[in-house]
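One letter stands for each residue in the lines below.
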Amino acid sequence: MLSERRLEVLRAIVQDYVGTQEPVGSKALTERHNLKVSPATVRNDMAALEEEGYIAQPHTSAGRIPTDKGYRLFVDRLAGVKPLSKPERRAIQNFLAGAVDLDDVVSRTVRLLAQLTRQVAIVQYPSLTRSTVRHVELLLLAPTRLMLVLITDTGRVEQRVVDCPAPLTETTLADLRARLNSRVVGERFSEVPRLVQDLPESFDQDDRGTISTVLATLLETLVEEPEERLMIGGTANLTRFVHDFPLTIRPVLEALEEQVVLLKLLGEAKDSGMTVRIGHENAHEGLNSTSVVSVGYGSGNEAVAKLGVVGPTRMDYPGTMGAVRAVARYVGQILAES
């Protein structure tokens, strides 16, 4: 266990290095921070921190910089989440409130996160599997063909064309629409099959085959695992940090082009708490020089997807964590009210 004083020295090193981009020396630390000890004592503390792998010397005669292990301790023990100012919170709220649909919400969220953190922003679309039904619409296209539209609580819209075995009248269709919505609106997708299984039996014998076909299409839509979608923005922000990537920025850019990598980066939506992965904690080799801050968002108490940012390990962790958390909370509110 590190002493409180050594923790304070580590905190000061991280703050100075993040702020100045320069390796930090003992003299600068004692001048900039009220550590209440002599430079010689700080030198001894830095030697101990280096020996334990929390800081390193990038090249001879330079000061010290934090390692992945040092940043991890900083995030776990020393960094509070920096709250946003009132004007910042109001700006977020106003910007997101102008969104017209789910695509617009996701697009605005990506732009907002990238601007606030000056990192690369990633936002995952809400997952169907964790959604509830807001409405099912049925539209007659031709006597034996109709359009089924499923709208979720997060604003996601899925459409399917259904070819029916027999013609369906507008009256029967209106009846089916009303009965179907009375059973499934507000229900979790996983509950819908049980709720509609006996619905065909409540219709005339002649219509049951068609009703069953419509319901089968609805159930297929619910259980389908559509490709998880996400949006990314602010990649150009990485060019501001070129010197933070040891050899080249290219592996980072290549990794960010792979959707599977990004989904793994954000993690499972059910793990809705704040996650910070630093440097080599990221499984993908191209991202070993980056940190990822992510959190779940949703329209209720349960997360339906994740959002987050990717940047260099030399990151303002308190500020980034505060921005990511605040944006997630406002996106959740927008979805709940939409």
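Just above sits the structure.
Conventions adopted
Residues numbered from 1 in each chain as written. Predicted model: local features only at pLDDT ≥ 70, side-chain atom pairs only at ≥ 80, totals over all residues. Heavy atoms only, no water. Axes fitted to C-alpha atoms, helices over the stretch in contact; angles between N-to-C directions. Helix = DSSP H or I, 4+ residues; strand = E, 2+ residues; numbered from the N terminus. Parallel < 35°, antiparallel > 145°, perpendicular 65-115°, else oblique. Left-handed = near helix turned anticlockwise from the far one by under 90°. Contact = heavy atoms within 4.5 Å. Core = buried A, V, L, I, M, F, W, Y, C linked by side-chain atoms within 4.5 Å. Buried < 20%, exposed > 50% of the residue type's maximum accessible area, 1.4 Å probe, protein only. Pairing = 2+ DSSP bridges. Patch = residues over 30% accessible without salt bridge, like charges linked within 9 Å, V, L, I, M, F, W, Y side chains within 5 Å. Areas by Shrake-Rupley, 256 points an atom, 1.4 Å probe, with all protein chains shown as cover. Salt bridge = Lys/Arg side-chain N within 4 Å of Asp/Glu carboxyl O.

Participant: Provide a residue-level description of the packing of helix H1 (residues 4–20) against helix H4 (residues 68–78), including the pertinent values.
Facilitator: The geometry of H1 relative to H4 is characterised by a closest axis approach of 10 Å and an angle of 110° between their N-to-C directions. In terms of their interaxial angle, H1 and H4 are classed as roughly perpendicular. Remark: the crossing between H1 and H4 carries left-handed chirality. Where H1 approaches H4, its residues Glu 4, Leu 7, Leu 10, Arg 11, Val 14, Tyr 17 and Val 18 are matched on the opposing element by Gly 70, Tyr 71, Leu 73, Phe 74, Arg 77 and Leu 78.

Participant: Could you give an account of the nonpolar core, with specific residues and numbers?
Facilitator: Counting 58 residues, the largest nonpolar core has Leu 29, Tyr 297, Leu 307 and Tyr 317 as its most contacted members. Sort the elements by how many residues they give to this core and helix H12 (residues 317–337) lands first, with 11 residues. Excluding anything up to four places from it in sequence, Leu 29 contacts Val 9, Ala 12, Ile 13, Asp 16, Val 24, Leu 35, Val 42 and Met 46. Leu 138, Cys 164, Leu 176 and Phe 203 belong to the second-largest nonpolar core, a separate cluster that totals 24 residues.

Participant: I'd like a rundown of the sheet that holds strand S7 (residues 230–233), residues and numbers included.
Facilitator: The strands making up a sheet associate through backbone hydrogen bonding, with each pair oriented either parallel or antiparallel. The sheet built from 5 strands is open, its strands ordered S7-S3-S10-S9-S8 with antiparallel pairing. Two strands lie at the open edges of the sheet, namely S7 and strand S8 (275–278), each paired on one side alone. Within this sheet the neighbouring strands show an average axis-to-axis angle of 15°, counted without direction. Relative to strand S9 (residues 290–297), S8 runs antiparallel, the two being bridged by 4 bridges. Residue pairing in the sheet places Arg 277 in a bridge with Val 292 of S9.

Participant: Summarise the pairing of strand S6 (residues 157–163); cite the residues concerned and give the values.
Facilitator: With 7 bridges connecting them, strand S5 (residues 145–152) and S6 associate as antiparallel partners. Residue pairing in the sheet places Arg 145 in a bridge with Asp 163 of S6.

Participant: Pulling in residues and values, what's your account of the sheet that holds S6?
Facilitator: The sheet built from 3 strands is open, its strands ordered S4-S5-S6 with antiparallel pairing. Bordering the open sheet on either side are strand S4 (133–142) and S6, each of which pairs with just one other strand. Each strand axis lies, on average, 20° off the axis of its neighbour in the sheet, ignoring direction.

Participant: Outline the environment of Ala 121, supporting the account with residue identities and numerical values.
Facilitator: Within the secondary structure, Ala 121 is located in strand S3 (residues 120–124). Setting aside residues up to four positions removed in sequence, Ala 121 forms contacts with Val 110, Leu 113, Ala 114, Met 231, Ile 232, Gly 233, Gly 308 and Val 309.

Participant: So what's going on with the environment of Thr 154? Residues and values would help.
Facilitator: Here Thr 154 lies in the loop between S5 and S6. Here Thr 154 falls in the buried class, since its relative accessible area comes to 1%.

Participant: Pulling in residues and values, what's your account of a nonpolar patch on the surface?
Facilitator: Residues Leu 139, Leu 141 and Val 161 make up a contiguous nonpolar surface patch of roughly 250 Å² in combined accessible area. Examined against the element boundaries, Val 161 turns out to sit in strand S6. Since its relative accessible area comes to 44%, Val 161 is described here as partly exposed.

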